[in-house]
Amino acid sequence: MVCFALGNPGKKYALTRHNIGFMVADALANQLGKKFKTDSGCQWLTKEIGEKEMVVVKPLLYMNNSGIVVKEFLRQTTDYFEHPAVRQFIVVCDDFALPFGRIRIRERGGDGGHQGLASIIHHLATNHFPRLRIGIGNPLPGLTPSDYVLANFTKEELILLPEIIERACAALFCIFEQGIKKAMTLYNSPSQAD
């Protein structure tokens, strides 16, 4: 399974809401005991777990161009084009339509206004791919959605963030080990964010 975790490269964006995907990728790397390699517009790592392999990828083009990296990585490393059902990867990203900390896993869907998802849908010419979205809450009064997602998490949010990231990692491991439907049952419940 390939996990494409979305974010923006550079220290300027490190603690912004749009980068929660990168934060999950870093936490996965830590749990897997692996370090990222940098190559062809992305950072990636791979870890064999039993008879399967988990791959974590951080596209290093800006969010709006995530699809370029996703398409190229799949072209080089998987049989994506022979099997267009594309069940072998999942996208991890933020979502301001979800309450802060809520996780929602879907097997397919639209971009919901998320430019990274829109780029992937455009470049793959399909929206039939799984995604794990992490709620960052609604834009604060006076902020446009763009300004909100590119703003840093508040101090209060940063306190809660490690637990949210840990839950997202657990959901990804559940998908990897037990399948997406089981993970949807366990992690899509509103009570999981309490």
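Residues numbered from 1 in each chain as written. Predicted model: local features only at pLDDT ≥ 70, side-chain atom pairs only at ≥ 80, totals over all residues. Heavy atoms only, no water.

Trainee: Now, about the sheet that holds strand β2 (residues 37-39): what can you tell me, with residues and values included?
Mentor: If you walk across this open sheet you meet the 7 strands as β2-β3-β4-β1-β5-β7-β6, and the pairing is mixed. Strands at the two margins of the open sheet, each flanked by one partner only, are β2 and β6 (103-106). The sheet shows a mean angle of 25 degrees between the axes of neighbouring strands, direction not considered. (Pairing = 2+ DSSP bridges. Helix = DSSP H or I, 4+ residues; strand = E, 2+ residues; numbered from the N terminus. Axes fitted to C-alpha atoms, helices over the stretch in contact; angles between N-to-C directions.)

Trainee: Pulling in residues and values, what's your account of the nonpolar core?
Mentor: Counting 37 residues, the largest nonpolar core has Val24, Ile105, Leu132, Ile134 and Leu172 as its most contacted members. The element that contributes the greatest number of residues to this core is helix α5 (residues 155-178), accounting for 11 residues. Contact partners of Ile105, with chain neighbours within four places excluded, come to Arg131, Leu132, Ala171, Ile175, Ile180, Ala183, Met184, Tyr187 and Asn188. In terms of nonpolar packing, the next biggest core, distinct from the first, is built from 19 residues, Val55, Leu74, Phe89 and Leu117 among them. (Core = buried A, V, L, I, M, F, W, Y, C linked by side-chain atoms within 4.5 Å. Buried < 20%, exposed > 50% of the residue type's maximum accessible area, 1.4 Å probe, protein only. Contact = heavy atoms within 4.5 Å.)

Trainee: Now, about the pairing of strand β7 (residues 131-135): what can you tell me, with residues and values included?
Mentor: The element β7 is extensively covered by neighbouring structure, given that 5 of its 5 residues are classed as buried. Every second residue of β7 is oriented toward a common face, with Arg131, Arg133 and Gly135 on one face and Leu132 and Ile134 on the other, all of them buried. Here strand β5 (residues 89-95) runs beside β7; their pairing, made up of 5 bridges, is parallel. Bridged to Cys93 within β7 is Arg133. The sheet contact formed by β6 and β7 spans 4 bridges and is antiparallel. Residue Ile103 lies in a different strand from β7, and its bridge partner there is Ile134.

Trainee: Before we move on, can you summarise the packing of helix α1 (residues 20-32) against α5 with the specific residues and values?
Mentor: Two elements in contact, α1 and α5, have axes whose closest approach is 9 Å; the angle formed by their N-to-C orientations is 70 degrees. Comparing the axis directions of α1 and α5 gives the class roughly perpendicular. Judged by the twist between their axes, the crossing of α1 over α5 is right-handed. On α5, the residues touching Ile20, Met23, Val24, Ala27, Leu28, Gln31 and Leu32 of α1 are Leu161, Ile164, Ile165, Glu166, Ala168, Cys169, Leu172 and Phe173. Of the residues belonging to the contact of α1 with α5, the class tally is 13 nonpolar, 1 polar and 1 charged. (Parallel < 35°, antiparallel > 145°, perpendicular 65-115°, else oblique. Left-handed = near helix turned anticlockwise from the far one by under 90°. Nonpolar A, V, L, I, M, F, W, Y, C, P; charged D, E, K, R; others polar.)

Trainee: Quick one: what's the story with the side chain of Asp95, residue by residue and with numbers?
Mentor: Structurally, the position occupied by Asp95 is in strand β5. Residue classification places Asp95 among the buried residues on the basis of a relative accessible area of 7%. A polar side-chain atom of Asp95 sits 2.7 Å from the main-chain amide nitrogen of Ala97. For Asp95, the contacting residues outside a window of four places in its chain are Arg133, Ile134, Gly135, Ile136 and Gly137. (Polar contact = N/O pair within 3.5 Å; in protein donor to acceptor, adjacent residues only side chain to side chain.)

Trainee: If you had to explain the packing of aromatic side chains to someone new, which residues and values would you point to?
Mentor: Overall, the coordinates contain 6 aromatic pairs when judged by the stated rule. Seen from their ring centres, Phe4 and Phe89 are 5.6 Å apart, and the 80 degrees between their planes marks the pair as edge-to-face. With Phe4 in strand β1 (residues 2-5) and Phe89 in strand β5, this pair connects stretches of sequence that are 85 residues apart. By relative accessible area, Phe89 is classed as buried at 1%. Between Phe100 and Phe153, the aromatic rings sit 6.2 Å apart at their centres with planes inclined by 65 degrees, giving edge-to-face as the arrangement. With Phe100 in the loop between β5 and β6 and Phe153 in the loop between α4 (145-149) and α5, this residue pair connects regions lying 53 residues apart in the sequence. Accessibility expressed as a relative area gives 23% for Phe100, which makes it partly exposed. Taken together, the ring pairs in this structure connect Phe4, Trp44, Phe73, Phe89 and Phe129 into an aromatic cluster. The ring of Phe22 has Lys58 sitting right over it, with the charged end atom 5.0 Å from the ring centre. The cationic tip of Lys58 hangs over the ring face of Phe36; the distance from NZ or CZ to the ring centre is 4.9 Å. (Phe/Tyr/Trp six-rings, centres within 6.5 Å; stacked < 30°, edge-to-face > 60°. Lys NZ or Arg CZ within 6 Å of the ring centre and 35° of its normal.)

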